[in-house]
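# A look at the structure
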Amino acid sequence: MGRALCLRVVTYCSIAPEPQKSVMIFPKFRVILNACPVFPAQHPTKQPFAMSEFYALTDQIKSYNPDLDPKVIEEAIEYAKTMHEGQTRSSGEPYYTHPVEVAGILAEMKMDLGTIITAILHDTIEDTAATYEDVKKKFGVEVADLVDGVSKLTRIESKTLEGKQAENFRKLLLAMSEDIRVLIVKLADRLHNMRTISGIQKPEKRRRIALETLEIYVPLAERIGVHKLKTELEDLAFAELNPEARLSIANRLSFLRSEGTDMVEKIITELKKMLADSNIHPDISGREKTRYSIWKKMQRKNVAFEQLSDIMAFRIVVDTVEQCYVTLGLIHSRYPSVPGRFKDYISTPKPNGYRSIHTTVMGPMRQRIEIQIRTQEMHYQADMGVATHWAYKGGILPTHKDVKKYRWLRELLEILEQEQQPEDFWENTKMELFQDQVYAFSPKGDLIELPSGATPIDFAYAIHSDIGDKCVGAKINGRIAPLNTKMANGDQVEIITAKTQNPSPTWERFVVTGKARSHIRKFIRNQQRDEYVTLGRAMLQKIFRQEGYDFTEKAVTGILKPLKAEVNEDIYARIGSGLLVAREVFKTIFPAHKTAVVKRPSADMDTAVMVRPLSGSNAPMPIKGLIPGMAVHFARCCHPVPGDRIVGIVTTGKGVTVHTIDCETLETFADTPERWLDVSWGEGPDSPEAHVGRIGITFQNEPGALGSLSTVVAANGGNITNLKITNRSHDFWDILLDIYVSDTKHLNNIIAALRATRCCANVERAKGR
């Protein structure tokens, strides 16, 4: 077998002389290359290149699957060679060498035959004349489904690069949900592409591929636990994106390696001796942390390389789970442990199935060292992850395909189900994948994995989207906590819900998971569009009445094409959001009509409409002069409250913005009377939390003054929501207070009470500030 492998490399080198290409299929060939001067008779040197590929690949597969029928591999390679005839890679090599290299990577992982055949054929449907039916007829439905899943979309609607990436990832995600082997093949495909990335001439393209690898494929490899692929992908991407940093760290590691060889051996010897005294005979190895992980740690902690104390990690592999805990006890009894650096992934495995005990101690020779303790089975699982389900096991074919048990995959699928632009999907996907994790518990003890910095809102959406939508509060470790609280490892979180609750736009400011953000955005988008449609239709109907025309949907349908709209609602939504002016739309419908002089429109003031502002409180409030369902915002320049005389202004992108009648901002709309709406407060239930009034205070700079002000506000039923200091001097301070009040009478009472306070020099209602 060794001689056959040697032949494959020598033949390959004779055709593709680039040094890096000689070790692409299996890295271990690097050692064999100069060790076999004699070629075996059964593999003559004059064979076609594809046959050397065939022998290398089949020998590798037979090493773990002796029952392999080589004809299947031969047929797949010949089919790939035929379909890719005339195609070359950026390096100039025949294209079909790439899928065979990918199959070699998977053979090293001892993957099943279906996965390896898929790797050989994975680009045929995408890049050649081959069809799904062709592959299905020749290699079966299982392989055809896998190849189709790995293939990219052939018709991409998005014009942006991120849109194309998102559309490709959408299909990959859907295929992964049916069979996780699609992702394993895709990762091996990306690994070979990264190994040969130097063949791409354009630096910006190499950088884009490397960045995509780091942002998407590395986290995916980590999520399914394939540490072996993840580490190499990470390192190759790091080499392309930041070669100077990688080289610097590599040189320093090389120096430490030469200086510290004796120390590593001494630590291993001391650990073995200590465990042998308790009749435990483990396999112990010392390894350096990867260059990329070292660089990330330097960035995260903002320290130099020399300040890192745990460059080395030691892995102890024992026979049983019991021995894992006995070993941990012996180590902690001998060496002081570093607080906060112990993690038990055996009792609580990671979602990708990873199991091990991690601890950091002040070990032998007073060196701070990280130790990982696991069984041999756990060690294999740590390297191969979910791929272990599909590895060949003595003739027993794997049948498990229920990949939806992985929470992270379910959540990505839920993001996919949200109606959103490809670019938003791409952003949310990266957000979901590319973050450190924190682990929290539900009241029933279920472990929920979330990105670092996650809040109770993220937790609620992780449990179920309906719980997230209806969340009104949360308890963390039994205590009520704000919804924007960042959770810590081990927190127990209880979500409080209400049937009447809807997602708040303010949640988007602090959530960190892609799932939560995509749900919130979808709700806001749908709510705003409905309100804009209602408002826009009402405004257009009003123009029709003013000009003496009967409004009909047919009239609007006639201008869909010139306005580049698909349905009437698109035009109404643009009018309601201020992107189109209703009168200009009317002129487009009736270009010959001569418009009369426009006055500021009046409205039917008899009926009060209950509106719920898109910003601020969820409490509905009655306003006369608005159409049911209008999108309403209250201006922050003047902070109108019930009792003020108000006017509505149609504002681009916001719907109707309500101002006080004396607001200085209204001067900017003097030349656009068609944007004005006459509105007033209606009669309705009191909602004291719904309105923010702003007051300006000048008070003496003395101890307890601010406390006195807040006490007066609270005593008069107000609630301070914001405070801003606008001026400081030795004697006096000026501040702005935002206070929740029920109406102008309530606000005036608070102002009067503050004026009566000894420390206050001046109190006025603040507008335009």
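Since this is a predicted model, take the numbers as computed values, not measurements.

A separate point is the environment of Ile559. Mapped onto the fold, Ile559 is located in the loop between helix 23 (553-557) and helix 24 (568-576). Sequence-wise, Ile559 and Ile589 are 30 residues apart; in three dimensions their C-alpha atoms are separated by 6.5 Å. When sequence neighbours within four positions are dropped, the list of residues in contact with Ile559 reads Ile571, Val585, Thr588 and Ile589.

This brings us to the pattern of salt bridges. When their charged atoms lie close together, side chains carrying opposite charge are able to pair. All chains considered together, the criterion is met by 22 salt bridges. Note that Lys230 and Glu234 form a salt bridge whose closest N and O atoms lie 3.7 Å from each other. You can see Lys230 and its partner Glu234 sitting in helix 13 (residues 227-241), four residues apart, about one turn around the helix. Judged on exposure class, the residue Lys230 and its partner Glu234 are both buried. For Glu764, the salt bridge is made with Arg755, and the minimal N-O distance between the two is 3.2 Å. Each of the salt bridges in this network shares a partner with another, and the network as a whole consists of Asp112, Glu142 and Arg181.

Before going further, it helps to examine the packing of aromatic side chains. In total, this model carries 14 aromatic pairs according to the counting rule given. Taken together, the aromatic side chains of Phe544, Tyr549, Phe551, Tyr572, Phe586 and Phe590 make up a single cluster linked through ring pairs. The ring of Trp733 has Arg728 sitting right over it, with the charged end atom 5.2 Å from the ring centre.

Spatially, three strands are ordered 9-8-10 in an open sheet, and the strand pairing comes out antiparallel. The outermost strands of the open sheet, each flanked by one partner alone, are strand 9 (479-481) and strand 10 (493-497). Taking each pair of neighbouring strands and ignoring which way they run, the sheet shows an average axis angle of 35°. Strand direction decides the pairing type here: strand 8 (residues 471-476) and strand 9, joined by three bridges, are antiparallel. From the neighbouring strand, Ile476 faces strand 9, where its bridge partner is Arg479.

Okay, the sheet that holds strand 3 (residues 343-344) next. Taking strand neighbours across the sheet as the criterion, the five strands line up as 1-2-5-4-3 in an open arrangement whose pairing is mixed. In this open sheet, the two edge strands, each paired with only one partner strand, are strand 1 (283-288) and strand 3. Relative to strand 5 (residues 368-375), strand 4 (residues 357-362) is paired through six bridges, and the arrangement is antiparallel. Bridging across to strand 5, His358 finds its partner in Gln372.

What counts, and where the lines are drawn
Residues numbered from 1 in each chain as written. Predicted model: local features only at pLDDT ≥ 70, side-chain atom pairs only at ≥ 80, totals over all residues. Heavy atoms only, no water. Helix = DSSP H or I, 4+ residues; strand = E, 2+ residues; numbered from the N terminus. Contact = heavy atoms within 4.5 Å. Salt bridge = Lys/Arg side-chain N within 4 Å of Asp/Glu carboxyl O. Buried < 20%, exposed > 50% of the residue type's maximum accessible area, 1.4 Å probe, protein only. Phe/Tyr/Trp six-rings, centres within 6.5 Å; stacked < 30°, edge-to-face > 60°. Lys NZ or Arg CZ within 6 Å of the ring centre and 35° of its normal. Pairing = 2+ DSSP bridges. Axes fitted to C-alpha atoms, helices over the stretch in contact; angles between N-to-C directions.

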